Structures are given as C-alpha cells and as structure tokens.
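Understanding the architecture of this molecule
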Amino acid sequence: MNKRRVLDLTLVASIGLLIMGLMTVSGGAPASPVAAPDKMLLNGAGATFPYPIYSKWFSDYNHLHPDIEINYQSIGSGGGIAQLKAGTVDFGASDMPLNDKMVGDFKVKVLHFPTVLGAVVPTYNIPGVTQELNFTADALAGIYLGKITKWNDPAITGPNKGVNLPAQDIVVVHRSEGSGTTFVWTDYLCKVSKDWETSVGRNASVNWPVGLGGKGNEGVTGMVKQQPGAIGYVELIYAIQNNIPYGRVRNSSGSFVKAELSSVTAAAAGVAKSMPEDFRVSITDSPGKAAYPVCSFTYLLVPTKIQDATKAKAIKDFLHWMLSDGQKEAEPLTYARLPKEVVAKELKQISMIE
Amino acid sequence: MSDATMVVAAGGAGSPSRLRAFLRRLRSGDEIAHLITLIFASAIFLITFLLVYELWRNSALSRHRFGLDFLFTRTWDPVFEHFGALPFVFGTVVTSALALLMAIPLGVGAAIFLAELAPSRISDAVTFCIELLAAVPSVIYGLLGIFVLVPILRTTVMPFLKATLGFLPLFQGPIYGVSLFAAGVVLAIMIIPFIISISREVLLAVPAEQREGALALGATKWESTWKVVVPYARVGIMGSILLALARALGETMAVTMVIGNDPKIAASLFAPGYSIAAVIANEFSEATSDLYIHALIELGLVLFLLTIILNGLARLLILATTRKATAHA
C-alpha cells in the first residue's frame, strides 16, 4: 500500500512537472537562434524567379565573408513586399517595381536595385508547324484579348510568309497563379494595346478575357504541349533550360527578335538613358534595335534607413559585390546580366542607404 | 493549467472532506486524466474560434467594400480591384458534387463487396491497396490527372459524351480536357478510398446476429446484406461520405492542376472553372494590395461557411434516414 502511494505520488508529481515544463517552453521567451556576436544574419524574402541566382550569390558571398550570412526565402514578390513593410526582413525582392500607392504605404523610403533581367517568350503548338513563328504586338494582343481566334488570321500569317498556318482554333493558355511572369507579359500588352490597358491592365494576376490557366511554367508548357492549337507564355530561362521552342516578337523598331540573354540585356540598355533615378521603370517594348520587347528587371528592395549601422554596411558591401563580381555569375545560370549603364547608376544609388 | 488551478481552488473552498475526496481521485489518476483530456478537447474549440476570428478580422476591408455582393458577383479582377466569389463557389460545389455522384455508388458498392461477399484473402489484399491509395499525396493525383487522365478525357471520353448526351447543355461546347468534369473525376478517384475504407470497417462491425437473424427469417444472402446490414451501418457510411466531401471541398493542388483555372460560370461540365481553395493557393503569394489580400481571406471564410452548411445538410440527411431506419426496426 505504502509502495503504491509513493508510486502514485511520483506519477502525479512527474505529470505536474511535465505540464509546468511545457508551460515554460510555450509561455516563456522562445530561445531564438541568435547568431554569435561576430556573425551577422541578414534576412530577405520575396520573388521566386531569381531564387536560383540569389541563393548562389548569398552562399558565395558567405564563403567570401564568413561573418555575414544572408538568409533568403522565396515566398513570392507580394510576400516579400508585405514582410518588408512589416519590418520582419532586412530587404525584400520583387519582380515588379512598387507602384506609387505602395511606395506611399511604406514608412521609410525604399530603394529599388535591379539585380538581373528576365524575359517572357510565346510558345505554341500548331499541328504541322515546326518553324519559329514571328509575332507582332497586334497579333499577341489580339490573341490574348480573344479577338483573333484562328491561326490563319491575317495578323498572324502576315509576318509568317511561307509557313502554312491551318484554320485551327487558338487555345489561349496563361498562368493560373499570381506571378512576375504574368506581370511582364501583361505590362507588355498594356504598352502595345490601348484596348488591353483599359480593359485588362497589368498585374501579377489579371481578369483574363479568354483562356485556360496552367500552374507554373511547367503547367503552361504542359497544357500547350497537349492541346493542339494552343499558345502560352513562359519564362525565357525555363524555355532555354527545357528546350522549349518559342517564337520571335517584333520590337518597337520593327525587327523580329528572338529572346536571348544578349537581346534581353540590350532591352535594358535601350532604356538606360531615360531611366528614372529610382529605377521604377518598365523595360518592355524597349526602343533598342536589338532589344527583345518582353522583358523586365527583378529587384532587391532595400530601405534607405537601416537602424543597425553594421547591418547597413553589410548590405552596401553586398550590393557592391553583386553589381561587380556577382554579375559574372548570371549568364552561366541563364539569367541576363545588367548593362553597364545600369550598373553605374546603381552604384551611385548605394550611397543613399544610411 | 488555469482550469486546474481553478478546480483546486474550488475544492479548497469547499469542506475538507471534499478536498480529501478530490485528492484521493487525484492520486488515483482519474482527476488528472479528466483535466488533461478536457484541456485537449477545449483546444479544439479554441482553434475553431481563433480560425473564424482571424478570417473575419483579416477580411474586414473586403467585407466593408463589397458586403453581401461579394457572394453574388461574377467578376474577379485584381487590377481594378473588383472581387466576387460566385464563380469560385460554383466551381467548388459543382466539382465536389460531381465527385460524390461518381464516388458514392462505386465506393459503397465496393465496400459492400469487400465486407460481405468477398473471400477474406481478396478483401484483405484489396483493402491494403485502398489504404495505400488514400495515402498518395494530392499533387501526384494532379500530375496523373494532367498527363494521363486529361488526354484520355479529351480524346475519348468527352467526345463520346458529346456525341451521345450532347443534347444536354451539360455536355456541350469546345473540349479542352481541363474542365470542371476533369476536376470532378480526379476528386472522385481521390475520395473513393476514404469511402471504401471507412464503409468497409463499419459494415464489418455490424453484429453477426443481425445477419443470422435475417437469414433465419428466410432472407437470401443479398437480402440480408441490402435490407439489414447496410441500413444498420447507414450512419457510419454517411460519416465516410461526409469525410470524403470535406476532402473534396478543400482539395487544392490536384484541382488546380486540372480545372483550367478560369473564374467563369458555364452550364457545360466541359468548360474550365475555378475552385475557392485553388484561387487562394494560386494568388495569395503575389497579392500585393490590402484589399486583394482581404478578398482572398474572405474567400477562405466563404469556404469555411460552405463547409459548415454542406456538413449541416448532410447531418440532417443522416438524422432523417436514421430515424426512418429505427422506426422500421
């Protein structure tokens, strides 16, 4: 009996202790992973499109400067902007520049630093057609507005002499999820078509007049491949890495340009002279002769005022490195690098960080 | 823990004998088990309450701007910030209903065979496969849907339906493959294992006396199964269907891969559509404006309400049928 009692008491006591232990763990201050004092942790979040090169940059930079560790979460541009606004990250990343309203929502001024360039290309599946097609701006806008519905429409056959285009119905495919790719594509259509600008507009996701939504570049590609007569748009990098055939697009100087890393960099160079000081600019439909018209910067968003002076210095040093040595890593990863003119301008902007 | 201290305090305030009785029960473990399980159970209420509260709070902008119109508007335009839930509610309800329509006869039929008619060796082997199927992640079903099912539907099944049942508006219009129909079929495949697995367990749990009684009264094997065993297990079978419905309503990944993601309301099952869970998953990460985010969260609230309403209806159905069944008995 005595023994039983002792046993019970021990049981009660141990359960009590266990509960108390749980309470302290959950209620008390969490033991957050604080970096060692000589080690600095920078947190960033945002766009998924540049994630492969960002993660390489941040890991390479950590090798060069073991005392600085940069942690980046690719949660999407929208999430990156929201987290920067909430002050939970040191920098954000976005595939599209902040618009005026969003800039106004921020308590501190935010600087845009273009890092690399991306482009979006039209891909299609027309029975019996293996050639690279030429697309005019009017043709692309007409197709995506649902006004051009057959592949043998004069707007498509015109610049494709010698290609036997069938009277097949066009099936339009777009991205289903919010994406920087869609922003670039719709931004381009806005610039070349008044109709598109007033009825649809530009955004990471829009109210599409026609078409099916595929999830991700792979979803769009899959649908285009399966559906005879389909047209879709995918990131240039995705198309190159997966050997997906894509068409040329006519630029503002009237030549049909195939998207390549060089023609994308040329597009950025084309607008470099007229670029505003804050880099919030769209480079679609760029004036350069060799410029591919459907491309954009992707940005790091850095606040002008950073409380911690050592953190500010670390970010500035990283930006310097990214604009010099970092740019050399872009092309092996099939990202188009920044043109010289833009790099020079950005270097000046770094001094605005305090 | 605060519950526990309160009870202890209450015990202390009462007579010493009550305190002693409480301590005795505490020592024998009953009181502790009672408290701990009580805390766990109340956590469920707390989680549900917090969920609704947060959804409500974080959808304020959208609720104030659109009011009840949110439920009846067909436009979803992130650029001009005009948001309406109707096409998504439509897509969610239609695909789930379609899935149940296909899955219930198949699932319950298979469960009856496995529990009542099949030799136990076959039954065990098939059940093992079904439990494996239930554990397959939904993205796998989605991928199979895109690469295997949708091409078959587009080239064979849908043209056949169009040729034979094309006079119905349900089977008209251009055939893309990705559609409400495809989403319904994928969902049906995903929820059948749930229905079979649970229904079979429930049927097996029916007491042998029930069967023996029916047989003794001269019923055939099938009559005893259909008229005695299945009605006896009705509540459990309904439960399995409820669980299947819940999975169909909330399924995100597999649906978004085959539904076409086009927020339109069309009479034809061959037309692309969109579901609530799919649009939230697709657009949340790139939603930048506050109103946009609040509209997406309000969609979450709508899905929650939709689930409650459909669950409630199903429960009423169970109540009605069980009352009838007990009245018979």
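Everything quoted here is computed from the prediction, not taken from an experiment.

Let's talk about the overall build of chain B
The number of helices and strands found in chain B is 15 helices and two strands. Relative to the compact-globule value of 20 Å for 329 residues, chain B shows a C-alpha radius of gyration of 25 Å, a clear excess of over 25%. On the principal axes, the C-alpha backbone points of chain B span a range of 80 × 65 × 35 Å. When burial is assessed residue by residue, chain B has 36% of its 329 residues classed as buried. A separation threshold of at least 6 residues defines the contact pool for chain B, and within that pool the share at least 24 residues apart is 75%.

A short note on the domain arrangement of chain B
Domain annotation for chain B reports domain 1 (2-57) and domain 2 (75-328). The C-alpha-based centres of domain 1 of chain B and domain 2 of chain B are spaced at 39 Å.

Here's the deal with the pairing of strand β3 (residues 91-94) of chain A
Residues and elements named next belong to chain A. Burial along β3 is two-sided: Phe-91 and Ala-93 and Gly-92 and Ser-94, pointing in opposite directions, are all buried. Sheet topology places strand β1 (residues 40-46) next to β3; three bridges connect them, and they run parallel. Considered in β3, the bridge of Gly-44 is made with Phe-91. In this structure, β3 lies alongside strand β11 (residues 295-303), joined through three bridges in antiparallel fashion.

Focus: the nonpolar core
Generally speaking, a soluble globular protein has its nonpolar side chains buried in company with each other. A:Ala119, B:Val186, B:Ile191, B:Ile195 and B:Val258 are the most contacted members of the largest nonpolar core, which has 178 residues in total. When residues in this core are grouped by element, the largest group, 18 residues, is from helix α9 (residues 180-204) of chain B. Excluding residues that lie within four positions of it along the chain, B:Val258 makes contacts with B:Gly142, B:Gly145, B:Ile146, B:Val150, B:Val178, B:Ala182, B:Ala183 and B:Val186.

Details of the sheet that holds strand β9 (residues 248-250) of chain A
Residues and elements named next belong to chain A. In space, the three strands of this open sheet follow the order β5-β9-β10, with mixed pairing throughout. Two strands in the sheet have a free side with no partner beyond their single neighbour: β5 (134-135) and β10 (256-257). With two bridges joining them, β9 and β10 adopt antiparallel strand pairing. Opposite Val-249, over in β10, you have Val-257 as the bridge partner.

Quick word on the interface of chain A and chain B
Residue-level contacts link 34 residues of chain A with 28 residues of chain B. It is helix α1 (residues 2-27) of chain A that provides the largest number of residues to the side of chain A that touches chain B, a total of five residues. Here the residues of the side of chain A that touches chain B sort into 13 nonpolar, 17 polar and four charged.

Observations concerning the sheet that holds strand β6 (residues 171-175) of chain A
Residue and element names in this part refer to chain A. The strand order across the open sheet formed by eight strands is β2-β1-β3-β11-β4-β8-β6-β7, and the pairing between neighbours is mixed. Both edges of this open sheet fall to β2 (68-73) and β7 (212-214), since each of them pairs with a single strand only. Going across the sheet, the axis of each strand differs from the next one's by a mean of 25 degrees, ignoring polarity. Sheet topology places strand β4 (residues 110-125) next to strand β8 (residues 230-235); six bridges connect them, and they run antiparallel. Residue pairing for β8: Asn-125 is matched across the bridge by Ala-230. Those strands touched by helix α7 (residues 180-192) are β4, β6, β8 and β11, and its axis lies near 80 degrees from that of β4.

Rules used throughout
Residue numbers run consecutively from 1 along every chain, following the written order of its sequence. Written order decides the labels, with chains lettered from A and ligands numbered from 1. Thresholds applied to this predicted model are a pLDDT of at least 70 for local features of residues and 80 or more for the giving and counting of side-chain atom pairs; totals over whole chains, interfaces and linings are not thresholded and use all residues. Helix and strand labels come from DSSP, where a helix needs a run of H or I of at least four residues and a strand needs a run of E of at least two; each type is numbered from the N terminus. This radius of gyration counts C-alpha atoms alone. The globule rule is 2.2 Å times how many residues there are, raised to the power 0.38. Around each residue's C-beta, the other C-beta atoms within 10 Å are counted; 20 or more make the residue buried, 12 or fewer make it exposed, and counts in between make it partly exposed. All C-beta atoms are placed from the backbone. Once C-beta atoms are placed from the backbone, any two residues with those atoms within 7 Å are in contact. An automatic or database domain assignment supplies the residue ranges for each domain. What makes two strands pair is DSSP finding at least two bridges between them. We define the nonpolar core as any set of buried residues of the types Ala, Val, Leu, Ile, Met, Phe, Trp, Tyr and Cys, connected via C-beta atoms lying within 7 Å of each other. Three classes are used: nonpolar for Ala, Val, Leu, Ile, Met, Phe, Trp, Tyr, Cys and Pro, charged for Asp, Glu, Lys and Arg, and polar for all others, with Gly counted as polar. All axes here are fitted lines through C-alpha atoms, helices being fitted over the stretch that makes contact, and every angle between N-to-C directions spans 0 to 180 degrees.

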